[in-house]
Amino acid sequence: MDSAAFLLALVYTGTLLNVCATEVVTALYGENIVVPCNGGAAAPKDLMFVKWKYEKDDGTVGDLLIKQVRSEQATVQATDNYSDRVSIDDKLGLLITEASLKDQKTFTCMVVSAFNLMEYPVTVVVYKKPSSVEIMDKSEVLQKDRATTVGTCVARDANPAATITWKKNEKVLVADGKAVVITPSIKLDPATGLSTTASTLQYAASKEDAVAVFTCLSKHQLSSLEGVLGPFPVHYPSEKVSLQILSKGPIVEGDNVTLKCNADGNPPPSSFYFHIKDQKMLVKNSDTYTLASISREAEGVYKCSLADNEKMEASQSIVVSYMDLSLTPTGIVVKTKGDTLSVMMEKSASADTKVSWTKNGKALKEPVLRSLTYGDAGLYVCEVSMTGLKKRQSFELIVEGKPVITSLTKHRADDANYKVLTCEAEGVPEPNFQWSVNSTNEKSSYINGKATHNISVIPKVNLTVTCSVSNKLGEDVNAINVFSVFKEEKEEKGSPEDSEDQAKIIVGVVAGLLIGAAFLGFIYWLYMKNARQGSWKTGEKELGTSEESKKLDENNHTV
């Protein structure tokens, strides 16, 4: 008896058909489906056979397989694509390989026993998570206050269809139709039945969104995936223009002055108009313009504006510092000793100035040069300064005069048999020296108009030596007596010549005084002798008169 006839017989004999509540089973796309019979419960003891069937799309019933208790193998009854995909496990559950969306049906397990017939319907749902999340049509930039496409987020091949949510800096974006526009779509693959979800975000950015990060979140029963976009540069037109003068300090006449035009747009403008006095200069691919060697006449107001919107402009005033300095005389000035030099300084400046003078690098007051001396010669520098500006002018004064000998001396070198003669003179230009004797070891120096010349001589006899000095303006001569070194060697060594000459004079003077004193003593003796003889004759006292006694005392003091 086949199963159909057997079922009919069960009905005639009064066996009841019981249908249980439908159970739902979730399967994964492409994997095996396990459809349990009676929730996996044990089969009744009087089981005769189990049959699996399903409901077709047209509502009819299709047989899949039947398993007799007395048979070890199930008999496949399916003739469609289930014929090679179905089997039964040891718990009487239905096994279906390679799950697809077409398997989303209701399968029924019919359990037939000796006195009962039970049906356990099971609805199969097949899930598939998105294969990937892709970002398409990604924007390069965002526009301020204008809805711009950020990108399209796509979650492919899912069942059921995935949902997509947009976030900015981890905060969910809600479409408002103005600043945030979200356009979702779902596309069904007719071959597989899988759904592809897409969502396009349009966003009107602000300046602060230049650091914003956007995220699209794909949500599905089986998984959640994210795609990240940004940050994006935010473009916006210029709202403000400024003009900058690139100068480290006050602008000085003659400087090169660079003007820089700045605009706050993004991207920054690349072309500007610079209004230079009455001229309008277009500068492309640059934001600067340089005024070369600016003059005091160029002082005034300068402007710059956008090349594509001249109404947006900015201005700056330029103040030019200047200074004029005139010094008389300048350069090299040659004067004669005793002359007067008039110095005149004139200045003109755009602000208060400070005047200072130096001579040969040392500070001094404004020079007054009357009755010039050699000490007045030197380099005079006048410096006039103000904030950011300094000027100098100078003259070099040369004071000339004929040479004059200021000193002519001699001395004998220690432990030597020669004498050193020194001739000093003043004069400009540097004087030439000439001596009236042959000499050795000549040494000379010339500093600030003072010249010194040394020579060494060995006089064999007493000499009168002359020193002559001369330059283009005149000459001078002086002489000095020099004694022979050979005569002096007989005297005490080490005494300077000048001391020896003075000693000889002193000896002569002392000798003369002694001789004079002796002569006066002799005269006094004769006088006293005659006086005593007269006293005897006249009967005067031996001591003589008081006047004679006074004279005698005076003579004694003289001796």
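Treat the numbers as computed from the prediction; the structure is a model and nothing was measured. (Residues numbered from 1 in each chain as written. Predicted model: local features only at pLDDT ≥ 70, side-chain atom pairs only at ≥ 80, totals over all residues. Heavy atoms only, no water.)

1. Let's talk about the sheet that holds strand E7 (residues 86-88)
For clarity, the cut-off: Following DSSP output, two strands are said to pair if at least two bridges run between them. Secondary structure counts use DSSP, requiring at least four H or I residues in a row for a helix and at least two E residues in a row for a strand, with both numbered from the N terminus. Lines fitted to C-alpha atoms define the axes, with helix axes restricted to the stretch in contact, and inter-axis angles between N-to-C directions lie between 0 and 180 degrees.
Spatially, the three strands line up as an open sheet ordered E3-E8-E7, and their pairing is antiparallel. Edge positions in the sheet fall to strand E3 (33-35) and E7, since each of these pairs with one other strand and no more. Geometrically, the sheet is characterised by an average inter-axis angle of 25° between neighbouring strands, direction not taken into account. Bridge count for E7 against strand E8 (residues 94-96) is three bridges, and the pairing is antiparallel. Residue pairing in the sheet places valine 86 in a bridge with isoleucine 96 of E8.

2. So, the sheet that holds strand E11 (residues 133-136)
The strands that make up a sheet are held in pairs by hydrogen bonds between backbone atoms, and each pair lies either parallel or antiparallel. As summarised here, the arrangement of the four strands in space is E11-E13-E17-E16, forming an open sheet in which the pairing is antiparallel. Only two strands of the sheet have a single neighbouring strand rather than two, namely E11 and strand E16 (180-188). Across the sheet, the mean angle from the axis of one strand to that of its neighbour is 20°, orientation sign disregarded. Bridge analysis of E16 against strand E17 (residues 195-203) gives nine bridges, and the strand direction is antiparallel. Each residue of the ladder has a partner; that of threonine 183, found in E17, is threonine 200.

3. Points about the confidence of the model for the chain
Heads up, the rule is: Within a predicted model, pLDDT stands for the predictor's per-residue confidence, ranging from 0 to 100. Only heavy atoms matter for contacts: two residues are in contact if any of them lie within 4.5 Å across the pair.
Mean pLDDT over the chain works out to 85, with 86% of the residues at or above the 70 mark. Confidence drops under a pLDDT of 50 for residues 1-14, and excluding neighbours within four residues, the segment shows 15 contacts in the predicted structure. Per-residue pLDDT stays below 50 along residues 533-559; that stretch engages in ten contacts with residues further than four places along the chain or on separate chains.

4. A few points about the state of the cysteines
Inclusion rule: For the purposes of this analysis, a disulfide is any pair of cysteine sulfur atoms at a distance within 2.5 Å. Per-residue accessibility, obtained with a 1.4 Å probe over protein chains only, is compared with the maximum for each type, and a residue is labelled buried under 20%, exposed over 50%, and partly exposed between these values.
A full pass over the atoms with the stated rule returns four disulfides. Sulfur-sulfur distance for the disulfide between cysteine 153 and cysteine 216 comes to 2.1 Å. Every disulfide takes its handedness from the sign of the S-S torsion; for cysteine 153 and cysteine 216 that torsion is 55°, giving right-handed. One end of the pair, cysteine 153, is in strand E13 (residues 148-158); the other, cysteine 216, is in strand E18 (residues 214-219), and 63 residues separate them in sequence. Assessed through its relative accessible area of 0%, cysteine 153 is described here as buried. Here cysteine 261 connects covalently by a disulfide to cysteine 304, the sulfurs 2.0 Å from one another. Disulfide cysteine 261-cysteine 304: torsion about the S-S bond near 70°, hence right-handed. Of this pair, cysteine 261 sits in strand E23 (residues 257-263) while cysteine 304 is found in strand E27 (residues 300-306), placing the two residues 43 residues apart along the sequence.

5. Comments concerning the nonpolar core
Note the threshold: In this description, a nonpolar core means a group of buried Ala, Val, Leu, Ile, Met, Phe, Trp, Tyr and Cys residues linked to one another through side-chain atoms lying within 4.5 Å.
Ranked by internal contacts, the top residues of the largest apolar core, which has 29 residues, are Val35, Trp52, Leu64, Tyr82, Leu94, Phe107 and Val111. Of all elements in the fold, only strand E2 (23-28), E3, strand E4 (47-55), strand E5 (61-68), E7, E8, strand E9 (106-113) and strand E10 (117-127) reach the threshold of two or more residues within this core. Looking at this core, the element that brings in the most residues is E10, giving five residues. When residues no more than four places from it in sequence are discounted, the contact partners of tyrosine 82 are Tyr54, Leu64, Ile96, Lys102, Asp103, Lys105 and Phe107. Listed in part, the 21 residues of the second largest apolar core include Val241, Leu259, Leu291 and Ala314.

6. Quick notes on the pattern of salt bridges
So the rule is basically this: For this document, the term salt bridge refers to a Lys or Arg side-chain nitrogen within 4 Å of an Asp or Glu carboxyl oxygen.
In total, this model carries 15 salt bridges according to the counting rule given. Its salt-bridge partner being arginine 296, residue aspartate 324 comes within 3.1 Å of it at the nearest N-O pair. Within this pair, whereas aspartate 324 is found in strand E30 (residues 323-328), its partner arginine 296 is found in the loop between strand E26 (288-291) and E27, the two being separated by 28 residues in sequence. Overall, aspartate 324 belongs to the partly exposed group, its relative accessible area being 33%. The structure contains a network of salt bridges with shared partners spanning Lys144, Asp145, Lys207 and Glu239.

7. Considering a nonpolar patch on the surface
Stated formally: Patch membership requires more than 30% relative accessible area and the absence of a salt bridge. Residues of like charge join within 9 Å; the nonpolar side chains Val, Leu, Ile, Met, Phe, Trp and Tyr join within 5 Å. Accessibility throughout is a Shrake-Rupley quantity obtained with a 1.4 Å probe, and a residue counts as covered only by protein chains that appear here.
Taken together, the side chains of Phe519, Leu520, Phe522, Ile523 and Leu526 make up a nonpolar region of the molecular surface, amounting to roughly 460 Å² of accessible area. Relative to the helices and strands, phenylalanine 522 resides in helix H3 (residues 497-538).

8. What about the packing of aromatic side chains?
Threshold: Aromatic pairing here means that ring centres of Phe, Tyr or Trp (its six-membered ring) are within 6.5 Å. Orientation follows from the plane angle: under 30 degrees is stacked, over 60 is edge-to-face, and everything else is tilted.
Using the criterion set out here, one finds seven aromatic pairs in the structure. With a centroid separation of 6.0 Å and an interplanar angle of 90°, the aromatic rings of tyrosine 82 and phenylalanine 107 are classed as edge-to-face. With tyrosine 82 in the loop between strand E6 (75-76) and E7 and phenylalanine 107 in strand E9, the pair connects residues that are 25 residues apart, well separated along the chain. Judged on exposure class, the residue tyrosine 82 and its partner phenylalanine 107 are both buried. An aromatic cluster of at least three residues, connected via ring pairs, comprises Tyr54, Tyr82 and Phe107.

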